[in-house]
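Working through the structure, step by step
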Amino acid sequence: MPALVARADGSSEADAMGRVVIDRADPLVRWRFVCPNGHVDWDPTNNHIWCAACAQLHGVQPEYWELFDKKTGETVPWAAVELR
């Protein structure tokens, strides 16, 4: 039976994720990072993101604290994002 491997959650400095720089003026980058529901129509607000497309859907919470990177298939915590 294979051994279980614990995955780091990024909560300590030792396993914290590196910064992810997002240049929102670049269309390819803009389409790469999406809200958890797959929308590109998100904007920064306070300490999280707000998705306009989610806000128009009934019963969907439009506020998120992470983005999905379609290129890597991983989620990126908002604290690791740097916008340019």
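Residues numbered from 1 in each chain as written. Predicted model: local features only at pLDDT ≥ 70, side-chain atom pairs only at ≥ 80, totals over all residues. Heavy atoms only, no water.

To continue, consider the packing of aromatic side chains. The description of an aromatic ring pair rests on the distance of the ring centres and on the angle between the ring planes. The full count for this structure, using the stated rule, is 1 aromatic pair. Each ring, one from tryptophan 42 and one from tryptophan 78, has its centre 6.2 Å from the other, and the planes form 80 degrees; the classification is edge-to-face. Taken together, the residues tryptophan 42 in strand S3 (residues 42-45) and tryptophan 78 in the loop between strand S7 (74-77) and strand S8 (81-83) connect sequence positions 36 residues apart. Accessibility classification places tryptophan 42 together with tryptophan 78 in one group, the buried group. Stacked on the ring of tryptophan 42, the Lys or Arg arginine 24 has its end atom at 4.2 Å from the ring centre. (Phe/Tyr/Trp six-rings, centres within 6.5 Å; stacked < 30°, edge-to-face > 60°. Helix = DSSP H or I, 4+ residues; strand = E, 2+ residues; numbered from the N terminus. Buried < 20%, exposed > 50% of the residue type's maximum accessible area, 1.4 Å probe, protein only. Lys NZ or Arg CZ within 6 Å of the ring centre and 35° of its normal.)

This part takes up the sheet that holds strand S2 (residues 33-34). Pairing in this open sheet of 3 strands is antiparallel, and the strands run S2-S6-S7 from one edge to the other. Of all strands in the sheet, those bounded by a partner on one side alone are S2 and S7. Judged from the 2 bridges that link them, S2 and strand S6 (residues 66-69) form a sheet pairing that is antiparallel. In the sheet register, valine 34 faces S6, and the bridge partner there is phenylalanine 68. (Pairing = 2+ DSSP bridges.)

Per-residue confidence for the protein chain gives a mean pLDDT of 86; residues scoring 70 or more make up 80%. Ranking the helices and strands of the protein chain by mean pLDDT puts S2 first, with 97, and helix H1 (residues 27-32) last, with 91. (pLDDT = per-residue confidence, 0-100.)

What follows deals with the environment of proline 36. Looking at where proline 36 falls in the secondary structure, it is placed in the loop between S2 and S3. When residues no more than four places from it in sequence are discounted, the contact partners of proline 36 are Tyr64 and Glu66. (Contact = heavy atoms within 4.5 Å.)

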